[in-house]
Amino acid sequence: MNVVRPWVEAFAPATVSNLGPGFDCLGLALRERGDTVRARKGEAPGASVLRIEGDGGRLPLDAALNTAAVAVQHVLDRFAPKASIELELKKGLPLGSGLGSSGASAAAAVVAADAALGLNLPQDALVQAARHAEGVACGSPHPDNVAPAIVGGMVLIPSLEPLRLVPLPTPEGLWVTVYTPGCEVATADARAVLPKTVPVADAVGQAARLGMLVHALHVGDLRMLGEAVVDTIAEPHRARLIPGYLDAKVACLEAGALCCSISGAGPTTFALTADESRAKTMLEILEEQYTLAGVPGQGLVDQVGEGARVTSAPLH
Ligand code: HSE
């Protein structure tokens, strides 16, 4: 007798992490773009990947190396050791872009697998699993892509063990322009250029701006938010990995962006604005600047959005 094993499909959004002073501990979910993962109960115990679409054949099907499978295996090991999950991935996000591509696959995979198994795990368990997969993807289990990809909105992660997720309010009228120039930066490479220690003055400045950023979100002060998005620790070292970045940033700020910085490990560049038409202007400026730098790419105007969710009909 054939047993029907229905698929559960989940979507997880692109994310902008770091947001200036929040290196490795702050990120936001976008609305429009993301990855889709289907999961169903399998037969052989463990997580496996049957198919990947949209990656140009670059991602591994090997479950030990694939972030979606690693994240699901982490869930199985802890909460359903004898279970089996099969996965199919549809990549909507470019690899090595700074939009949390590996994190979105891991986030969508754990949400789909959780629903397929009827586990109803809390968000922090899903974030822990997806974060573990980031360690496999780029050598560091940072949470600042997977937390907003799962929780949605803006999320601060002040502690890893135990994991603390602090959802922050999204101010009214905030627009996010993201532009991915036509070059790739591997997260591992962007982390390798970072200094091992930072001067106390830089650490103090960064902490002060992160505090100001959180305050600005709570009081809905977009101008103050823009002032806070300044990164003196990672950005100076990473800027040189992105052709045209500094000119693009200056052009955005001159045209009235609240701020402009590197999304995650880059090369995606983001600018925050207080209205849609200015956000569209930023898109034109980033397009022009990166074309001048010889690395034209693609961008969009977006807003802060929800976290990963099941997009197929309920199983029961
Ligand atoms: N916080 C991480 C970094 C994000 O900047 O390296 C990588 O996607």
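Residues numbered from 1 in each chain as written. Predicted model: local features only at pLDDT ≥ 70, side-chain atom pairs only at ≥ 80, totals over all residues. Heavy atoms only, no water.

Looking now at the domain arrangement of the chain. Domain boundaries assigned for the chain yield domain 1 (8-169) and domain 2 (175-302). For domain 1 versus domain 2, the separation of C-alpha centres amounts to 24 Å. Of the roughly 2,400 Å² buried between domain 1 and domain 2, counting both surfaces, carbon and sulfur atoms make up 65%. The largest per-residue losses of area from domain 1 upon contact with domain 2 belong to Pro21, Phe23 and Pro169, which jointly make up 22% of the total buried on that side. Linking domain 1 with domain 2 are two salt bridges. Put simply, Glu184 and Arg58 hold a salt bridge, and the shortest N to O gap is 2.8 Å. Taken together, the links from domain 1 to domain 2 amount to 11 residue pairs in polar contact (both at pLDDT 80 or more). Sorting the residues of the side of domain 1 that touches domain 2 by element identifies β1 (8-17), β2 (26-41) and β5 (154-159) as the ones contributing at least two each. Residue contributions to the side of domain 1 that touches domain 2 peak at five residues, all from β2. When the residues that make up the side of domain 1 that touches domain 2 are grouped by side-chain class, the tally is 14 nonpolar, 10 polar and five charged. (Domains from an automatic or database assignment. Buried area = accessible area lost by both parts, 1.4 Å probe. Salt bridge = Lys/Arg side-chain N within 4 Å of Asp/Glu carboxyl O. Polar contact = N/O pair within 3.5 Å; in protein donor to acceptor, adjacent residues only side chain to side chain. Helix = DSSP H or I, 4+ residues; strand = E, 2+ residues; numbered from the N terminus. Nonpolar A, V, L, I, M, F, W, Y, C, P; charged D, E, K, R; others polar.)

Across the interface, helix α1 (residues 67-79) lies against helix α3 (residues 123-138) with an axial gap of 8 Å and an inter-helix angle of 135°. Considering the angle they form, α1 stands oblique to α3. At the point where α1 passes α3, the crossing takes the right-handed sense. Note on element contacts: α3 touches α1 through Ala125, Gln128, Ala129, Ala130, His132, Ala133, Val136 and Ala137, opposite Thr67, Val70, Ala71, His74, Val75 and Phe79. Looking at side-chain class alone, the contact of α1 with α3 contains 10 nonpolar, four polar and no charged residues. (Axes fitted to C-alpha atoms, helices over the stretch in contact; angles between N-to-C directions. Parallel < 35°, antiparallel > 145°, perpendicular 65-115°, else oblique. Left-handed = near helix turned anticlockwise from the far one by under 90°. Contact = heavy atoms within 4.5 Å.)

Attention now moves to the state of the cysteines. One pass over the structure, following the stated rule, counts zero disulfides. Considering cysteine sulfurs only, Cys252 is the nearest to Cys260, which forms no disulfide, with 4.3 Å between them. (Disulfide = S-S within 2.5 Å.)

Let us now look at the pattern of salt bridges. In total, this model carries 12 salt bridges according to the counting rule given. Its salt-bridge partner being Arg5, residue Glu43 comes within 3.9 Å of it at the nearest N-O pair. With Glu43 in the loop between β2 and β3 (46-53) and Arg5 in the segment before β1, the pair connects residues that are 38 residues apart, well separated along the chain. A salt bridge links Lys91 to Asp35; the shortest N-O distance between them is 2.3 Å.

In this section: the side chain of Arg238. Relative to the helices and strands, Arg238 resides in helix α8 (residues 235-238). The buried charged residue Arg238 lacks any salt bridge partner; its closest oppositely charged side chain belongs to Asp24, at an N-O distance of 6.3 Å. Leaving out residues up to four positions away in the same chain, Arg238 has contacts with Asn18, Phe23, Ala190, Arg191, Val193, Leu194, Ile262, Gly264 and Ala265. (Buried < 20%, exposed > 50% of the residue type's maximum accessible area, 1.4 Å probe, protein only. Lys, Arg positive; Asp, Glu negative; His and termini not counted.)

Take α1 next. Each α-helix winds once per 3.6 residues, and so residues spaced three or four apart point in a common direction. If you check α1, its first and last C-alpha atoms are 18 Å apart, about what 13 residues at 1.5 Å a residue would give, namely 18 Å. Tucked into the core, α1 has its buried residues touching β3, β4 (84-90), α2 (101-117) and α3. One side-chain oxygen of the residue at the start of α1 lies 2.9 Å from the amide nitrogen of Ala68, identifying that residue as Asn66. (Expected span 1.5 Å × (residues − 1).)

Let us look at the layout of surface pockets. The computed volume of the largest pocket comes to approximately 590 Å³. Considering the residues around the largest pocket, the lining is formed by 38 residues, among which Gly96, Ser102, Ala137, Cys138 and Thr187 are closest to the centre. Counting residues per element, the ones that place at least two in the lining of the largest pocket are α2, α3 and α5 (187-192). Of the residues belonging to the lining of the largest pocket, the class tally is 14 nonpolar, 16 polar and eight charged. Split by domain, the residues of the lining of the largest pocket number at least three in each of domain 1 (8-169) and domain 2 (175-302). (1 Å grid on protein atoms, 1.4 Å probe; cavity = no way out; pocket = protein on both sides within 12 Å on 5 of 7 lines; lining within 4 Å. Points joined across faces, edges and corners; volume = space filled by probe spheres on them.)

Taking 1.5 Å per residue, 17 residues should reach 24 Å; helix α10 (residues 276-292) reaches 24 Å between its end C-alpha atoms and fits that length. Residues Ala279, Met282, Ile285, Leu286, Gln289 and Tyr290 constitute the buried set of α10. With its buried residues spanning 120° around the axis, α10 presents them on a single face. Residues of α10 that are exposed and point over 90 degrees away from its buried face: Ser277, Glu284 and Leu292. Looking at the buried residues of α10, the elements they touch are β7 (175-180), α9 (245-254), β9 (269-273) and β10 (298-302). Where α10 ends, the next residue or the one after it, Gly294, has phi of about 85°, a positive value. (Arc of directions from axis to C-beta.)

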